[in-house]
Amino acid sequence: MQRLLFRAFIISTHYAVLYQYTEKAMKLLKTKTLLVTILFCLLYSSTFCQPKKIDFNSKGWVLIGGSYIDTLHITAAQLQKVHAQLKIQDDANLLKKDHYYYTYPFTTGDLGIRFKSVPNKKMEIYEGNDWGGDHFYKSVLLQGNGGVEFSAFEINEKNAADFRYHVVQNDNTELVSWTQPSTFKYTADGKLKYAYLGVFNYVPGQVLTIEIYNIKNYRQRDAVMADWRPVEAANVLSLMQFFTPEHPEPDNGLISTNLNEAGMTSKEQLKLNKMMFTKPAAQVKKMQDSLSKDIRFHLADTLQNIDFFINNGKRMYNYKVSLKREIAGRKDSINLGETNTRFDLYKEFWKTPGNYTVYFTPKIHRHGGMPFFLLRNLTTKVSFTVLPAVYRKVTVGIPVLIGIVVSAIFIVLVVFTIYRVRQRQLLAKEAQNRQIATLQLQSVRAQLNPHFMFNALAGIQNLVNKNDMEGANKYLAKFARITRNVLDDNHKELVSIEHETDMLNDYLQMEQMRFGFNYSIDIDAHIDQQVEIPTMLLQPFAENAVKHGVSALKDKGMITVTISATKHSFVLSVQDNGKGFGANPGNGKGIKLCEERINLLNSIYKNSGITLHKQSDNRGTLIIIELKNWV
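The rules behind the values
Residues numbered from 1 in each chain as written. Predicted model: local features only at pLDDT ≥ 70, side-chain atom pairs only at ≥ 80, totals over all residues. Heavy atoms only, no water. Pairing = 2+ DSSP bridges. Helix = DSSP H or I, 4+ residues; strand = E, 2+ residues; numbered from the N terminus. Phe/Tyr/Trp six-rings, centres within 6.5 Å; stacked < 30°, edge-to-face > 60°. Lys NZ or Arg CZ within 6 Å of the ring centre and 35° of its normal. Patch = residues over 30% accessible without salt bridge, like charges linked within 9 Å, V, L, I, M, F, W, Y side chains within 5 Å. Areas by Shrake-Rupley, 256 points an atom, 1.4 Å probe, with all protein chains shown as cover. Salt bridge = Lys/Arg side-chain N within 4 Å of Asp/Glu carboxyl O. Buried < 20%, exposed > 50% of the residue type's maximum accessible area, 1.4 Å probe, protein only. Axes fitted to C-alpha atoms, helices over the stretch in contact; angles between N-to-C directions. Parallel < 35°, antiparallel > 145°, perpendicular 65-115°, else oblique. Left-handed = near helix turned anticlockwise from the far one by under 90°. Contact = heavy atoms within 4.5 Å. Nonpolar A, V, L, I, M, F, W, Y, C, P; charged D, E, K, R; others polar. pLDDT = per-residue confidence, 0-100. Expected span 1.5 Å × (residues − 1). Arc of directions from axis to C-beta.

Turning to the sheet that holds strand S11 (residues 193–200), a few remarks are in order. Taking strand neighbours across the sheet as the criterion, the five strands line up as S3-S4-S7-S11-S10 in an open arrangement whose pairing is antiparallel. Strand pairing shows two members of the sheet lacking a second neighbour, strand S3 (101–102) and strand S10 (184–186), which therefore form its edges. Sheet analysis places S3 next to strand S4 (residues 111–116), joined by two bridges and oriented antiparallel. When the sheet's bridge partners are listed, Tyr101 is paired in S4 with Ile113.

Below is the structure:
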């Protein structure tokens, strides 16, 4: 299907070549209208000249050579890349018919490998691990006596001088030094002439690596590894890692010992070490094997993890690692992944007493990853038993025990006495600080009230001077009511929201008669208006909004007071549409007194908090007071 899409794409994009001629025409004609007409005709003709309409996908993206190309907005460079990738695929498919295995499009190279079986001999071929770091070179595992042939299907007689290849055996012997390809063959159908890089026969246990690169562009390179080594069981070295204060190491004292020695005492380990230097190797191995059959150790805080090293690792296949556990009669199995070098089994997997077995099973698979085979006949297992932690019994004489108990009681009494004295001192100091803060708060309140009275009387005087006796009388009636409330609340630090807003409403009505502005007081419907808040908290800011904000705007002035609530807090705001207070927000005495008052309230109500935010510009002023954790 992808090949059909590529072919359709070539047919539909051959008109992109005409774009170059269109561009030249634009330079000659210098007429945008003519260019648009030509492009429209080109698109119209391409729509009806395609032999078959291909729907790539809804967005027009196509995967070409490992990269996605936008077929609706293709560039000249992308078009060139498309043609090159299509040719590579065609060449690779021709070689595939000649039984060559190739890595396109998973690498940047063009190496192919063909397997030569021996008559009456069966040869199994599997896909090995990728290698070469970020290049993802391919490898093949050959289980049999057949040989291999290598080819390069992008190299021909015209470009052969730009390429060099070599073949290395077992990573130490160069069978073919860096050479320019010089032999060329045709595929069986005669459609492709490719570089033939030689045939290499079977040698027991050999690993062949062929590498090829372009001397003018080293990024164009490829490599393939052919591995004839038989699949082997993992040769596992097991190490227990633990902490010990007796042998400090740079890595926080973490040291290792053989797992089969983990359950041995210091004397037994010393005996084994002496045997390694005095007894024959066969006798030492026999003892080590006997230890490996019954590995037992007790849980301890010093034990950290078990490291498994595959000594014959770094093969081109992995070992599946799995863990079987039997704990208190219950069995389970865990798949821990794959490795071909090292695996760390952390204590989290064996922190409970029980029987444990770790299995390392070779895992090989056909090309493309499926199906895969687990060679269970080559499984290596490491078994060990985790025993409960050992707790040492400590014997203490009666006189010593009595002394310990008496000392402990005496220490507890001394500590408790010091604690009580300290607590009383802290409580007394806190009460003293609270009393001082309360007195300071009352002092600030005492300053706020005359400040309010002075501004109100100034308003009455202004009305009298204007000879507006009716307005002065109404103003005086409102002022008298507010004054009575102020005097009644003189000794109250907290009042209900309802009382605070009623008083604020009276004040704004009083000032409205004087200046003619508009105002509104909005309270969320779900707020309990009997909740108490600090008295006259909003009035100074409303007064500031009247005096410095809307007084000159008359009926165009607007003051909005809102009270809303979150989960545990109240948010109070006063907003006006006046000219703002510019860069000097704190010139007013009332504002300064309010800020001082809020600081004192925060020192008294420590479990709650009051924050003040001021925003002002030529469009107005917004004051936000947040009572945190007040509900």
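Another point: the packing of aromatic side chains. On inspection of all chains with the given rule, the structure shows 10 aromatic pairs. Each ring, one from Tyr356 and one from Phe384, has its centre 5.5 Å from the other, and the planes form 10 degrees; the classification is stacked. Taken together, the residues Tyr356 in strand S21 (residues 354–365) and Phe384 in strand S23 (residues 380–387) connect sequence positions 28 residues apart. Within the aromatic cluster, the residues linked to one another by ring pairs are Phe297, Trp350, Tyr356 and Phe384. Sitting over the ring of Tyr196, Lys185 keeps its end group 3.6 Å from the ring centre. Sitting over the face of the ring of Phe372, Lys363 holds its NZ or CZ atom 4.4 Å from the ring centroid.

The next thing to look at is a nonpolar patch on the surface. On the surface, Phe410, Ile411, Val414, Val415 and Ile418 cluster together to form a nonpolar patch covering roughly 490 Å² of accessible area. With respect to the secondary-structure elements, Val414 resides in helix H7 (residues 398–465). Here Val414 falls in the partly exposed class, since its relative accessible area comes to 33%.

It is at 10 Å that the axes of helix H9 (residues 497–515) and helix H10 (residues 539–550) come closest, and there the two elements cross at 15 degrees. Taken together, the axes of H9 and H10 are roughly parallel relative to one another. Like other packed secondary-structure pairs, H9 and H10 cross with a definite hand, here right-handed. Residues Glu500, Leu504, Tyr507, Leu508, Glu511 and Phe515 of H9 form the contact with H10, whose participating residues are Gln539, Ala542, Glu543 and Val546. Residue composition of the contact of H9 with H10, by class: six nonpolar, one polar and three charged.

Working note: regular strand, side chains alternate between the two faces of the sheet. Along strand S20 (residues 342–346), the buried face is formed by Phe343 and Leu345; none of Arg342, Asp344 and Tyr346, which line the opposite face, is buried. Note: strand S17 (residues 303–310) against S20, five bridges, orientation antiparallel. If you follow Ile306 over to S20, its bridge partner there is Leu345.

What follows covers the sheet that holds strand S28 (residues 570–576). Pairing between sheet strands relies on hydrogen bonds along the backbone, with the strands arranged either parallel or antiparallel. The strand order across the open sheet built from five strands is S25-S27-S28-S30-S29, with neighbouring strands paired in mixed fashion. Of all the strands in the sheet, just strand S25 (518–523) and strand S29 (609–617) have a single pairing partner and so form its edges. With direction set aside, neighbouring strand axes in the sheet form an average angle of 10 degrees. Across the sheet, H9 lies against S25, strand S27 (558–565) and S28, angled at about 170 degrees from S25, the strand it touches most. Sheet strands in contact with H10 are S27, S28, S29 and strand S30 (620–628), and its direction is about 20 degrees off that of S28.

Looking at the protein, pLDDT values average 78 and 73% of them are 70 or higher. The secondary structure element of the protein with the lowest average pLDDT is helix H1 (residues 2–13), at 42, and the one with the highest is strand S8 (residues 163–169), at 96. Counting interchain partners and residues more than four positions distant, the pLDDT-below-50 stretch residues 1–58 has 42 contacts.

Attention shifts here to the packing of helix H8 (residues 469–488) against H9. The contact between H8 and H9 brings their axes to 9 Å, and the two run at 155 degrees. By the angle between their directions, the pair H8 and H9 is classed as roughly antiparallel. Considering only the axes of H8 and H9, their crossing is left-handed. Touching Lys474, Tyr475, Lys478, Phe479, Arg481, Ile482, Asn485 and Val486 of H8 are His499, Met503, Asp506, Tyr507, Gln509, Met510, Glu511, Met513 and Arg514, all from H9. Of the residues in the contact of H8 with H9, the class split is eight nonpolar, three polar and six charged.

Along the chain, the position of Met123 falls in the loop between S4 and strand S5 (124–127). Met123 sits 23 residues away from Gly146 along the chain, and the two C-alpha atoms are 6.5 Å apart.

Helix length check: H9 (19 residues) gives 26 Å between terminal C-alpha atoms against 27 Å at 1.5 Å per residue, within 8%. Where H9 is concerned, the buried positions are Ile497, Glu500, Thr501, Met503, Leu504, Asp506, Tyr507, Leu508, Met510, Glu511, Arg514 and Phe515. Positive backbone phi, at 75 degrees, marks Gly516, one or two positions downstream of H9.

Here His568 shows up in the loop between S27 and S28. When the C-alpha positions of His568 and Lys628 are compared, they lie 6.7 Å apart, and in sequence the two are 60 residues distant.

To continue, consider the pattern of salt bridges. Within this structure, the stated rule accounts for 16 salt bridges. Note that Glu124 is salt-bridged to Lys122, the shortest N-O span being 3.0 Å. Measuring nitrogen to oxygen at the nearest pair gives 3.0 Å for the salt bridge that ties Arg315 to Glu232. A residue pair is termed long-range when its members are at least 10 positions apart, and Arg315 in the loop between S17 and strand S18 (318–327) and Glu232 in the loop between strand S13 (217–227) and strand S14 (236–243) qualify at 83 residues. Looking at Arg315, the relative accessible area reads 8%, which means it is buried. Under the relative-accessibility criterion, Glu232 is labelled partly exposed at 30%.

A separate point is H8. A rise of 1.5 Å per residue sets the reference length of H8, with its 20 residues, at 28 Å; its end C-alpha atoms lie 28 Å apart and thus fit the reference within 8%. Listing the buried residues of H8 in full gives Gly471, Ala472, Tyr475, Phe479, Ile482, Thr483, Asn485 and Val486. Take H8 and look down its axis: the buried residues cluster within an arc of 160 degrees, on one side only. Those residues of H8 that are exposed and angled more than 90 degrees off the buried face are Glu470, Leu487 and Asp488.

Once that is clear, we can look at the pairing of S23. Here three bridges tie strand S16 (residues 296–298) to S23, and the two strands are oriented parallel to one another. Considered in S23, the bridge of Arg296 is made with Thr385.

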